[in-house]
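Here is how the chains run, residue by residue.
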Amino acid sequence: MLNPAYAADALAGFNEIPARGPYTLANANSALYVSLPNVTANYTSIVTKIRNMVSDGSFVGYLPPDYRVEPAMVAGYKHSFLCWPISIPTQRHPASRYRGQRALLRGSSSSTL
């Protein structure tokens, strides 16, 4: 957390009975992510550009200014930038393991998820 007072209050609220605050909120993710090769035939050049940005360090310019000076934040973003392009051409992303993925992409209402 960048704001220690907010972090302390959020933790204190979570430990109260009944609990309150941001740690008590339930969130869900119901998005469908279409893989980049299904979006554009130009995906290999995009993956190459991302890999080059990691190699030369230029990805740091896309981070908020406060994050650029925190080595742990830069390292975390660098790791995610290194992992993401690997999953595109090799289909090693965890979501690609689900059966029925092609049915969903074709617009079928039934799947074997």
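Structure: see above.
Let me sum up the structure you'll find in this document. (Residues numbered from 1 in each chain as written. Predicted model: local features only at pLDDT ≥ 70, side-chain atom pairs only at ≥ 80, totals over all residues. Heavy atoms only, no water.)

### With respect to unusual backbone geometry
Trans is the prevailing form of peptide bonds, just as negative phi is the prevailing case for residues other than glycine. Heads up, the condition is: Only DSSP runs of H or I reaching four residues or more are called helices, and only runs of E reaching two or more are called strands; each is numbered from the N terminus.
With an omega of -5 degrees, the peptide bond running from Ile-17 to Pro-18 counts as cis. By the element assignment, Pro-18 lies in the loop between helix 1 (4-15) and helix 2 (36-39).

### With respect to the packing of aromatic side chains
Stated precisely, the cut-off is as follows: Stacked, edge-to-face and tilted labels apply to pairs of Phe, Tyr and Trp rings (six-membered ring for Trp) whose centres lie within 6.5 Å, assigned for plane angles under 30 degrees, over 60, and everything in between, in that order. Accessible area is worked out with a 1.4 Å probe on protein chains only. A residue is then buried under 20% of its type maximum, exposed over 50%, and partly exposed in between.
On inspection of all chains with the given rule, the structure shows three aromatic pairs. Summarising the aromatic geometry, the rings of Phe-14 and Tyr-23 are spaced 6.3 Å apart at their centres and angled 85 degrees between planes, so their arrangement reads as edge-to-face. When the centroid spacing of 6.2 Å and the interplanar angle of 35 degrees are considered together, the rings of Tyr-67 and Tyr-77 count as tilted. Separated by ten residues along the polypeptide, Tyr-67 in helix 4 (residues 65-68) and Tyr-77 in helix 5 (residues 71-90) bring together distant segments of the chain. The class for Tyr-67 is partly exposed, based on a relative accessible area of 22%. The partly exposed category is assigned to Tyr-77, whose relative accessible area is 31%.

### Some words on the pattern of salt bridges
In plain terms, the rule: What makes a salt bridge here is a side-chain nitrogen of Lys or Arg within 4 Å of a carboxyl oxygen of Asp or Glu, nothing more.
Enumeration according to the criterion identifies two salt bridges in this entry. Asp-9 is the salt-bridge partner of Arg-20, the closest N and O atoms lying 3.0 Å from each other. Taken together, the residues Arg-20 in the loop between helix 1 and helix 2 and Asp-9 in helix 1 connect sequence positions eleven residues apart. Taking relative accessible area as the criterion, Arg-20 reaches 34% and is therefore assigned partly exposed. Looking at Asp-9, the relative accessible area reads 41%, which means it is partly exposed. One salt bridge connects Glu-16 with Arg-20, and the closest N-O pair in it is separated by 3.0 Å. Several salt bridges share partner residues, and in doing so they unite Asp-9, Glu-16 and Arg-20 into one network.

### Examining helix 1
Basically, it comes down to this: In a helix, the anticipated span is given by 1.5 Å times the number of residues less one. The term polar contact refers here to a pair of N or O atoms within 3.5 Å; inside protein, the definition further demands a hydrogen-donor-capable atom paired with an acceptor-capable atom, and it admits residues adjacent in sequence only when both atoms are side-chain atoms.
Look at helix 1: 17 Å from first C-alpha to last across twelve residues, which is about the 16 Å you get at 1.5 Å a residue. Structurally, the start of helix 1 carries an N-cap: the backbone nitrogen of Ala-5 is 3.1 Å from a side-chain oxygen of Asn-3.

### A look at helix 3 (residues 43-56)
Cut-off, in case you're wondering: Along the arc lie the directions from the helix axis toward the C-beta atoms.
Under the 1.5 Å per step criterion, the end-to-end length of helix 3 is 20 Å for 14 residues, consistent within 8% with the ideal 20 Å. Among the residues of helix 3, Val-47, Ile-50, Met-53 and Val-54 are the ones counted as buried. All buried residues of helix 3 lie within an arc of 120 degrees about the axis, which places them on one face of the element. Structural note: helix 3 exposes Lys-49, Ser-55 and Asp-56 on the side pointing more than 90 degrees away from its buried face. Just downstream of helix 3 lies Gly-57, where phi reads positive at about 80 degrees.

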